[in-house]
Amino acid sequence: MGSESDDVQIEDSDESLLDIKEINDLEYDIPHVTPPSLESVLWDMESEEGSDSASLHSFQSMTAKFRSMLYHCVLHGISTQLSSAAERVNAGVPTVITNSIKYVAVGTSHGYVLAFDSEQNLCWCCYDTGTVDQGAVSALAFNLDSTRLLIGFERGFISMVDATNGDVIRKLPDAHAPQTAVLHLRFTFLNNLALCGDSSGCVFSLAFNRRLGLRIWDSKCLFSGARGEVCVFEPLVRGYDIHFLNNHVLVAMATLSKVIVISVRPRLKVHFSQQLPRISTSLPLISWQLVSVGKSFQPVLAWGRGSELNYTRVITHGFGSNRIRLLPLRNIQVPYTMTALHWLGTRHLAVLDTSENLRLVEVRTQRELEVLEIANAGLVYSSAHFKALAVGGGVSEAFALAGERACYNSLSSRGDQLLILGTKAVHMVKLRTWPERLLYLSEQGRWAEALNLAAEEGLNKEKFTIILLNKYLENLNQNTVDKESLTAAINCCVKLCKMDILCNDILEAVSTDQKNQDWYFTLLTDHICNGSLSNLSPYVAQMLVSYLEQKDHEMLENILLSLDITCLDLHQVLKICKNLKLYNAWIHITTKTLGDYTSPLIEFISELTPENHKLGNTILVYVSCCLAGLGYPNGNIPEADILRVKHDVLRCLETVHSINVNTDESTYPYLRALLQYNTRECLNVVELAFTEAEFSGEMGLLQRQRLVQILMQIVTPPEFMESQIISLACFVSRLLVANNLQIDEKMLDAVIRSLTNTVGKPLSLRDHTEREQAWLDLLNANKLRHLKLEQLLQMALESKCFRVAEYLYELQNDFSNIIPCYLNDPVRKAEVFNYILNYINVPERCIQEQFLVNFKDLVSISSKKTSEIVIEYFSGLIEQFSEMLEHDCDLQYVFLTEIVAGDIKLPPRIAEIYLEQLCIKNKSGVCNYIQLSYCRNEEALSITRKYEVHAATALLLEQGGEWTEAIELLLEHDMIEEGINLCIRGAEHLDPEGSQKLWLLLLQHKTSAENYSLRQLLHAAAPHVPPAELLELVSNAHFGDIKSLLQGMLSDYTHDVQMLTTTLNLLGKDLHYGLAKSLSLNGKGILVSNILCGLCQKSFLYKKELESDQTVVVWSCGHLFHSTCIKAAEVTDVCPHCRLKAVPFPTAKKIFYKQSRSPIF
């Protein structure tokens, strides 16, 4: 038969779907159905798609806002037939469901199988009366071309029926393990090869064939349940072109611990294996799909368990290759526990969780698009089949526990449809197409969602978008306008270029309400600013300009720059731009419409003043763009007009008089106005223009010279300040250095005078730096060779251009004056140290002599850097340097401070000078400095006594051995803390008698008792003063004075007693525990496995051994030794045998047995 051949039929994803239609009025093969009851009528009414009311039996969206992608309904024809079969022929409740390209088959609990076509007509009902009752149908499977149907029962029987008429054509009573239920049946893409899985976890291949006209079959075990119980398997059967797998029959299987992908044909081979999460109450899930990758399709396996979801793709190495690889794509953790997993199309997954919520997930982004609650649909579970209750329940506990929520055969998907088997009805969930979603959302009144959806994909489906927009406009005329839907409508019109609807129909609908009209203009403004809209009808553009004129001038200018000029009312916008001073928009419109690029200069020259920065910056940038051949404020000038534009703008700048000349007008008004506004930036614009091709060559040189001559004529005092004149001189100098200009000697002298002129008003740092740089550039280019070096040097010094002076000194080899150039330059003062370090070892530079001469100035600039140079190169001249600063005490102090910080020992006289300055400026640092012992003791004492730095004086007395005088000085000035520290140090250096004397002086001082508690002092003195003398000190004290001391002593005593008692108790418990453990170990017998001595290897049962009085040593590990052998081995603490093997030593003590005349073993 053709249906039994090996021919492969390829399934088309669009045309192969089972199109479930509404039930018609035809009769069914089941006997006549009785009139429906009230309950069934209510069921039918509540199951309708259009119902918005909550229903016990209807699907409810958890979030109504996003409920548009899934279409769900109850298949009334199939559901009614199932109910009728249960009542009429006792078919039982439905247990499994499957579908193919032509049929839907449902199995029942009493062994019936009902098949339906695409119009829900009952095609046939199968019940094999010729076999013993095999219980409920537990598995169903169609082959690829829908000609055969495999039926599995819970008691292990399998039969094959002809899918066209329901006749049983094969019976497979022992195709799998005995006493097991059939859990899964699947056909591969080969019509003569199927797979079977049973409750023992085994997987069998079922091969069908014909021999001598007889239908035969063969069963073969592919996977044994002893190696891991297979919960589910799925062969790869769907695709556009199976041949790219080279006829490999791929099967994905999942056990309780891992997922495996194998090939059954042409040979059995494992291609992929991956561990699954260990979740005892959840079953593994797998599902194949062919996903588009470029122009080809690749099989993708979705698999997971619990809350973990994975994607793995199949890769082949070229057509005809037998090598197949599976590569992981993605691992996802979901916030719920999965119980079912099915593909809906190539881009979506339908995931059922333990709460019976059906979740639609987009595979590429893993976004959850929609959630449907099906908890009240009565989903059928196959837990009884997984527990194999019909055959005695002989399954493992893990398999039975995981199968509590098994629903593998209660959901069946094909293409973008998913069938769900409930206890009372069959439900269908499918992905809505794009037009269906638009229709559904519009009927629900969710216009914003519908219009946004149309904007996303409407370019390719314009017909549906136009229909949707027309329906929305009808709705606008009948109902109020909401901002959300208006935003979506305008966005849709902009994206799909529906300008007639945008500018006519929508504007007419919102014109009756001022708020909606304002919102309409706001949305248009947003789209224009982001570049998605550039053209409007003239009427709408005119209204938008008028609206923005009243609201936002800056936004109006941006809109005028973005809109197409053809839609603007030129008279309106030019007038508004002139009044509101929207210069950019005015220039843009004028140049684009009239092509007149000189009109901005002519029109606004009277308004250009140094204070009008907005206009000044605009005109400068505009002129620069025109001379560079660029459009303003964006874009480009037409290529045919570039030369004309450059020529017109340049001629306008060089015009001697304006069109409307006045009697008091100066020459070159346009260029003069730009120079007066900002000379430097105007010259930068001219310099940038000189780089263009029009200013190159002989004619270009003449144009440059003419323009420079005009600039020299304009920029003259008193109209222009000295800083502006210097900017022009620097500009001309740069041109001369680059050989882009040729001028006569007279003009060059004018430039030099401008650079060297000593101005009365100080120049800014930028102007001064530019002047120096221009001068240096002229010197480096040898443009001043007609002037003598001495003359140039004199001019540089008079104009305070010290960089130029340094350069000239370098040319004259006069290095002695270079450091003063740095010192006199306020900008480069700090750089003098880099110069010194770079050339200090060059004898010709005479750095050392200049360092000595300018030492004071160097210290005033940076005492730290100066001291670093002194320490490294002039450490022997510290005293001389200090003498140079003796008339400036502040400089001397900071210099010596840096020297001391560098760990350089000062000469005694300098050290004492620094000590005196330290006593004046920083008394807190005197003690630390004295400890360095740089000063002579007597001189330091006189200085500290002079400035009354008592702590330092006491420290010096201490260093001189005058401990008593030091403590008396500290106590005299109530410096108790320093006195305590002195007593502590004295205890380390003095004999006990001297230390006691210091402490007694401290304790007897009245101020000590006032500032510190008597208890603190006594505790500090106790290690150094005898108790009798301490008691004598407190004998005359009042009780109130020593009350706290006595309380503290009693508290310490109580605490010490408690600690001693606790320690003794713990020690006693430890000793008792150790003794009890030792007694317990010694009282237990020890298992001895060997009766040989571990050292001498002699048996303890020899007669000589038995007759001797030698003792035997036994460790807790069971090893025995002679005591003499132990002594010879010099090991008494650990087992010698365990020590050699590097194992943990026995913790039990060794036990000795006295040997008797008779054996003890």
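Refer to the structure printed above.
What counts, and at which threshold
- Once a new chain begins, its residue numbering starts again from 1 and follows that chain's sequence as written.
- Local features in this predicted model are restricted to residues of pLDDT 70 or higher, and side-chain atom pairs are both shown and tallied only at a pLDDT of 80 or more, whereas totals for entire chains, interfaces and linings draw on every residue.
- As a rule here, side-chain values come from all non-hydrogen atoms in the structure, and water together with hydrogens is ignored.
- Secondary structure is summarised from DSSP: a helix means a run of H or I of at least four residues, a strand means a run of E of at least two, and numbering begins at the N terminus for each.
- By definition, residues are in contact when any of their heavy atoms lie within 4.5 Å.
- Where accessible areas are quoted, they stem from the Shrake-Rupley method and a 1.4 Å probe; at the residue level, only the protein chains shown are allowed to cover.
- In this text, buried Ala, Val, Leu, Ile, Met, Phe, Trp, Tyr and Cys residues form a nonpolar core when linked through side-chain atoms within 4.5 Å.
- Relative accessibility decides the category of a residue: with a 1.4 Å probe and only protein chains considered, values under 20% of the type maximum give buried, values over 50% give exposed, and everything between is partly exposed.
- Two strands qualify as a pair provided DSSP detects at least 2 bridges between them.
- Orientation is described by axes fitted as lines to C-alpha atoms, over the contacting stretch for helices, and by angles from 0 to 180 degrees between their N-to-C directions.
- The pairing test for Phe, Tyr and Trp rings, Trp by its six-membered ring, is centres within 6.5 Å, and the orientation test on the planes gives stacked under 30 degrees, edge-to-face over 60, and tilted for anything in between.
- Whether a charge sits over a ring depends on NZ of Lys or CZ of Arg being within 6 Å of the ring centre and within 35 degrees of the ring normal.
- Directions are taken from the helix axis to each C-beta atom, and the arc is the one they span.

A. Main features of the overall build of the protein chain. Within the protein chain, the regular secondary structure consists of 46 helices and 32 strands. Intrachain contacts of the protein chain at a sequence separation of at least 6 include 56% that bridge at least 24 residues. In the structure as shown, the protein chain presents an accessible area of about 57,400 Å², 52% of it carried by carbon and sulfur atoms.

B. Spatial organisation of the nonpolar core. Counting residues in hydrophobic clusters, the biggest one holds 199 residues, and the most contacted among them are Leu 502, Tyr 520, Leu 536, Val 623 and Phe 731. Each residue touching Tyr 520, except ones within four places of it in the same chain, is listed here: Leu 486, Ile 490, Leu 502, Cys 503, Ile 506, Leu 507, Val 510 and Val 540. Judged by nonpolar contacts, the second largest core, of 45 residues, contains Tyr 311, Val 314, Tyr 336 and Ala 406.

C. Structural detail: the sheet that holds strand 10 (residues 168-172). Spatial strand order, 7-8-9-10: four strands in an open sheet with antiparallel pairing. Looking at strand neighbours, the two that pair on one side only are strand 7 (137-142) and strand 10, the edges of this open sheet. Ignoring which end each strand starts from, the neighbouring axes of this sheet average 20° apart. Bridge analysis of strand 8 (residues 148-153) against strand 9 (residues 158-162) gives five bridges, and the strand direction is antiparallel. Within strand 9, the position partnered with Arg 148 by the bridge is Asp 162.

D. Layout of the pairing of strand 6 (residues 122-126). Pairing between strand 5 (residues 113-116) and strand 6: four bridges, direction antiparallel. By the bridge assignment, Ala 115 is partnered in strand 6 with Trp 124. The loop that links strand 5 with its antiparallel partner strand 6 comprises five residues; one of these, Gln 120, has a positive phi angle of about 65°.

E. Structural detail: the packing of aromatic side chains. Enumeration over the complete set of coordinates arrives at 28 aromatic pairs. Between the aromatic rings of Phe 187 and Phe 208, the centroid separation amounts to 6.2 Å while the plane-to-plane angle is 40°, which identifies the pairing as tilted. Of this pair, Phe 187 sits in strand 11 (residues 182-187) while Phe 208 sits in strand 13 (residues 203-211); the two residues are 21 residues apart in sequence, bridging distant segments of the chain. The class for Phe 187 is buried, based on a relative accessible area of 4%. In textbook terms, an aromatic cluster arises when at least three aromatic residues are bridged by ring pairs, as seen for Phe 851, Phe 855, Phe 874, Phe 881 and Phe 895. For the cation-ring pair, Arg 359 lies above Tyr 336, with the distance from its terminal atom to the ring centre recorded as 4.2 Å. The ring centre of Tyr 822 lies 4.4 Å from the NZ or CZ of Arg 828, which sits over that ring.

F. Region of interest: helix 27 (residues 832-839). Buried within helix 27 are the following residues: Val 832, Phe 833, Tyr 835 and Ile 836. An end-on view of helix 27 places all buried positions within 160° of arc, on one side of the element. Residues of helix 27 that are buried make contact with helix 26 (818-824), helix 28 (847-853), helix 29 (855-861) and helix 30 (863-873).

G. Seen up close, the environment of Ser 863. Locating Ser 863 in the fold gives a position in helix 30. For Ser 863 and Gln 892, which are 29 residues apart along the polypeptide, the C-alpha to C-alpha distance reads 9.5 Å. Non-local contacts of Ser 863, meaning those with residues more than four positions away in its chain, are made with Val 894 and Glu 898.

H. Summary view of the environment of Ala 175. With respect to the helices and strands, the residue Ala 175 is situated in the loop between strand 10 and strand 11. You can call Ala 175 buried: its relative accessible area is 2%. As for Ala 175 and Phe 204, which are separated by 29 residues in sequence, their C-alpha atoms are 7.8 Å apart. When residues no more than four places from it in sequence are discounted, the contact partners of Ala 175 are Ile 158, Phe 204, Leu 206, Trp 217 and Ser 219.

From the geometry alone we can't say anything about function, so treat these as descriptive.
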